[in-house]
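This is what each chain is made of:
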Amino acid sequence: MAPITFLEAIRQAMFEEMAADPTVVLIGEDVGVYGGAFKTSEGLLEKFGWERVIDTPISESAIIGAACGMSYLGLRPIAEMQFIDFIACCFNQLTNFVAKGHYLWNAPAPIVVRGPSGGGVHGGPFHSLNPEMYFLHTPGFKIVYPSTPYDAKGLLKASIRDNNPVLFFEHKFLYRRIKEEIPAGDYTVPLGKAIVRREGKHLTILSYAAMMHTSLEAADALAKEGIEAEVIDLRTLMPLDEETILTSVKKTNKCLVVHEDTKTGGIAGEISAILFEKAFHHLDGPVVRVASLDTPVPYAPTLEEAFLPNAKKVFTAAKELARF
Amino acid sequence: MPVSETPAKPKRLSRQQSLDLYYYMRLNREVEETMTRLFRQNKIVGGLYASLGQEAISVGTSYALEKRDWLAPMIRNIGALLVKGVPPRDIFTQHMAKYTSPTKGKDGTSHFGDLDNLHIISPISMLGDLIPVMTGVAMAGRYLGQKIVTMTWIGDGGSSTGVFHEGLNLAASQKASLVLILENNLWAYSTPVRRQVPLENLADRAKAYGISSYIVDGNDVVAVYTTAKEAVERARAGEGPILIEAKTFRRRGHAQHDPAEYVPKEQRAYWEKRDPIVLYEKFLTQEKLLDSKGKKEIEDKISALLEKEREFAENSPLPPPETADQGVYCTGPECHDLKPKWERPIDELLPPKSNVDAAWVVEGFGRGGRSSGTSAPIHFGDVPAASAEKSSDPAKPSTKPAASPMKKPIPKKSSRKGGR
C-alpha cells in the first residue's frame, strides 16, 4: 500500500469504523458538506448521509452535550473540535457531565472528542493549544496523543470502540508532514501501551506527539557523540504505561521528559513524581524536563521558536543529564 | 401575532387520570415533607431543595410522557421522577447518602438516572447542561427509529445560561423532539426574575429559536398536563422542540437553609392562596371525582408507603469507604455491554447508502420567518431571488407571519425504504 498521511489515517479510521458499525456518528462544525476544516472528514457525508455526519451551529457545549446524549442511547459519537483550543468552550460539559457520569450514576459515555492541536505552524495563541493536562486532572477521561499515521489510525479505532469518553488529540504539525505505509485492513492499537521507538542504554527520553519526532532527531545527534538514548513514545497519557517507563528507566537510570505542553503542570512533573515514588533507587541523575515556556503560545515565528522545545534544546539537556 | 400559543382547551381527563395527578402531587409533597423532617433530625447529609407549590408542574408535565420517553429532572422535579416510576426510597436514600441509593452514595438529591428501564438522565448542578444532552437523546432516538420525546426542565434563572441558548438552538436546528419546561418561579436564589431578564414572558425566548411556545398557569395541574400533552404530541409528530413557560412561585428558600426573607410578603401571600393541591382538590370535589373517603384512602396509602420507604432508607448503611475509588471508568463489555435498541431495519444502514439530503426542512429557517418583519431580508440561495428582492422593501413586512414556523416534516426522496 502507498504511504498515507497522518490526516488520511484519521479519515480512514473514522470511515472504516462508520462503515462497520452504524452506531458510530460524527458531529461537529463543518464536518459534513465542507469535510472538516482540515478535511479529516472529507467524503464521509457523501458515504454515510446527514443522519450520521452532522453539521452543527458554532456551539461546542451543545456538540458535547448532544454527543453525550446520543451515547446514552447506545451510539458512539465522534465529536470534532474544529481546533482543539475551542475545547475550553465546553469545559464544563466535559468535566462535569461527561467525565463524572460513570462514577456517579453508572452511565458510560462512549464518545471520542477529537481535533487538531499543537503549535509550530504559527497558529498563534488560540489555534496552537496542547490541552491534555486540563483533562488529565479530571478523573474519567482517557487521553490519547498519537505521533504516527499507524498509531493515529489504530488508536482512533480503539478509542471509538472504548466505552469511556476519550480525548483524542491530533497534532496538526503532523497532519500532512508525515507519511507512513500502514497495513491494509482492520487493526487497532490498544490504549495505555507505550512503545520504544529507539533502543538505548545511557538515558531514557519520554515523549509523545510531535515532540516524539523531535526527540528522535535529538537521539540521532546524541548517538554521534556516543550517547545512546532510549526514546519512548507514550501514545496515551491516560492510561499511562508506567510499566514501559519504569522498565526503561531502571535500565538507563536517567530520564528526560520532552513535551510541547507548557512546563509547569505538564505531564513531565507527574512522571517525575512516579519515578521518585517507584524508581528512586535506580535514578543516577535528576528527572529533567524539556517543555514549552510558561506563556501563551506566541504568534511571531521568532517568538514561537523560542517558546517551543526543539531538537537542539533536547540534545543540550540530554547531554547535560548524561554527565551524571 | 401572539408569541406563545394559547394552550389547548382542557380535554376531559378520565377518572383514573384525574386521580393519578392528585395522587402524584400529594406523593410529591409528602415525600418532601418527610425529607424536611429528616433534615431537621440531621439525617439528610447535604442540602435539601423543595418544590413546595410547584408540584403541579413536575407532575403535570411528566404525566404527559409515555414509558418509552426520556426525561432529565432538575433539582425541584422529584414529582417527575415519581411519575416516571422511581420509588420514594430512591429519593430518601439519595438524600441520606446511603449505599442502597441509585448512585450508591456517590451523589445526592435528584442526581441519579436509569438508562435501561425508566429512561431517566441524571442532572448536574450546572444549569442548562441537560438541554443539549436531551437534544442528543432525541437525535439518537430519531436515528434509531424510536418515536421518542425527551423532556427536561429549566428555571427562570437557568434560562440565562449560555448552554440554554446553545442547546435550544441546536435542538431547533435539528428539529429534535424535545419539550423544554421553563419553570418561572420568579426567583433565582435571591434574585427576582425582573432583575435577571428584561422580558415579561420568558416564553418569548422561544422566538429567538423559531420554535413554538406556550405559557401556562403552573399551579393548575390540568392546564399544565393538557398543554404538556399537546406539546409532547407535536414534538413526537416531528414539529421540533417546544418551550412551555409555567408561571409559578418558589414558596421555600433556594434550599432548606435559606429563609427567603427577600421575598415580599404580598407576593408570598398571593401565591400561598393559590396552592396547586388545594386548587385541584376543589376542582375534583366539584367534579365529584373525590370525596373525603377517597381523599383519606389516598392519604393512608401514601403514609403507609412512605413509612415503609423511609424505614428502609434509615436502616440502610452508608457506603463502605473502599468503594470510594471504584467505578471511574467502564472496564468493558462485562461492565457495560452497550447495545442500542434499533427500531428501524438495520439493513437500511449496512452497507451505508448515501443520503446527503436532510429528510426534513424547517420552513422559514434562517429567514426571519418569525421576526417582526422589519429584519433585513437575506438571500440564502435556496429561495428564488425574486421573492427575496420583493421582501427587501423595509416598509413592507418581509414574510407573512406563519401560525407556526415549523410545518410538518416534508419527506424528501430517500434511498431507504423506511422513513420516519
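Everything that follows concerns the structure shown earlier in this document.
Caption draft 1: Up close: the overall build of chain A. Scanning chain A from N- to C-terminus turns up twelve helices and 14 strands. Relative to the compact-globule value of 20 Å for 324 residues, chain A shows a C-alpha radius of gyration of 19 Å, a close match. Its C-alpha atoms give chain A principal-axis dimensions of about 60 × 45 × 40 Å. Expressed as a percentage of the 324 residues in chain A, the buried residues total 59%.

Caption draft 2: Up close: the interface of chain B and chain A. Listed as interface residues are 49 residues of chain B and, on the opposing side, 40 residues of chain A. Listed by contribution, the elements that provide at least two residues to the side of chain B that touches chain A are helix H5 (130-144) and helix H6 (162-174) of chain B. Ranked by residue count, the leading element in the side of chain B that touches chain A is H5 of chain B, at eleven residues. When grouped by side-chain class, the residues that make up the side of chain B that touches chain A number 27 nonpolar, 16 polar and six charged.

Caption draft 3: Focus on the sheet that holds strand S6 (residues 142-144) of chain A. Residue and element names in this part refer to chain A. Taken in spatial order, the seven strands make up an open sheet running S3-S2-S4-S5-S7-S6-S12, and their pairing is mixed. Whereas interior strands pair on both sides, the edge strands pair on one side only; in this sheet they are strand S3 (53-55) and strand S12 (236-238). Neighbour-to-neighbour, the strand axes of the sheet open up by a mean angle of 20 degrees, direction not taken into account. For strand S5 (residues 112-117) and strand S7 (residues 166-171), the ladder comprises six bridges, and the chain directions are parallel. When the bridges of S7 are listed, Pro116 appears paired with Glu170. Across the face of the sheet, helix H3 (residues 60-72) comes into contact with strand S2 (24-28), strand S4 (76-80) and S5 while running at roughly 170 degrees to S4.

Caption draft 4: Layout of the sheet that holds strand S11 (residues 229-233) of chain A. All names here are of chain A. Spatial ordering of the open sheet is given by S9-S11-S10-S13-S14, a layout of five strands whose pairing is mixed. The sheet is open, and its two borders are formed by strand S9 (195-198) and strand S14 (288-292), each paired with just one other strand. Pairwise comparison of adjacent strand axes, ignoring direction, gives a mean angle of 25 degrees for this sheet. Across the sheet, helix H10 (residues 267-278) touches strand S10 (203-207), strand S13 (255-262) and S14, and the angle it forms with S13 is around 155 degrees. Relative to S14, helix H12 (residues 311-322) is tilted by about 170 degrees, and along the sheet it contacts S10, S11, S13 and S14.

Caption draft 5: Spotlight on the environment of Ile227 of chain A. All names here are of chain A. Relative to the helices and strands, Ile227 resides in the loop between helix H8 (210-224) and S11. A tally of 20 C-beta atoms within 10 Å means that Ile227 is categorised as buried. Separated by 92 residues in sequence, Ile227 and Lys319 place their C-alpha atoms 7.8 Å apart. If we ignore the near neighbours within four places in the chain, the residues touching Ile227 are His202, Leu222, Ala318, Lys319 and Ala322.

Caption draft 6: A look at H8 of chain A. All names here are of chain A. When the terminal C-alpha atoms of H8 are compared, their 23 Å separation across 15 residues agrees well with the 21 Å that a helix rising 1.5 Å per residue should span. Of all the positions in H8, only Ala210, Met211, Met212, His213, Thr214, Ser215, Ala218, Ala219 and Leu222 are classed as buried. Summarising the contacts, the buried residues of H8 are in contact with S7, S9, S10, S11, S13 and H12. Gly226, located one to two residues past H8, shows a positive phi value of around 85 degrees.

Caption draft 7: Inspection of helix H1 (residues 6-20) of chain A at higher detail. Residues and elements named next belong to chain A. Given a rise of 1.5 Å per residue, 15 residues ought to cover 21 Å, and the 21 Å separating the end C-alpha atoms of H1 matches this to within 8%. Within the span of H1, buried status applies to Phe6, Leu7, Glu8, Ala9, Ile10, Arg11, Ala13, Met14, Glu17 and Met18. Against strand S1 (4-5), S2, helix H2 (44-48), S4, helix H7 (149-161) and S7 lie the buried residues of H1.

Cut-offs applied
- Residues numbered from 1 in each chain as written.
- Chains lettered and ligands numbered in written order.
- Predicted model: local features only at pLDDT ≥ 70, side-chain atom pairs only at ≥ 80, totals over all residues.
- Helix = DSSP H or I, 4+ residues; strand = E, 2+ residues; numbered from the N terminus.
- Rg over C-alpha atoms; globule rule 2.2 N^0.38 Å.
- Buried ≥ 20, exposed ≤ 12 C-beta atoms within 10 Å, placed from the backbone.
- Contact = placed C-beta atoms within 7 Å.
- Nonpolar A, V, L, I, M, F, W, Y, C, P; charged D, E, K, R; others polar.
- Pairing = 2+ DSSP bridges.
- Axes fitted to C-alpha atoms, helices over the stretch in contact; angles between N-to-C directions.
- Expected span 1.5 Å × (residues − 1).

Any functional reading would require information that these geometric values do not contain.
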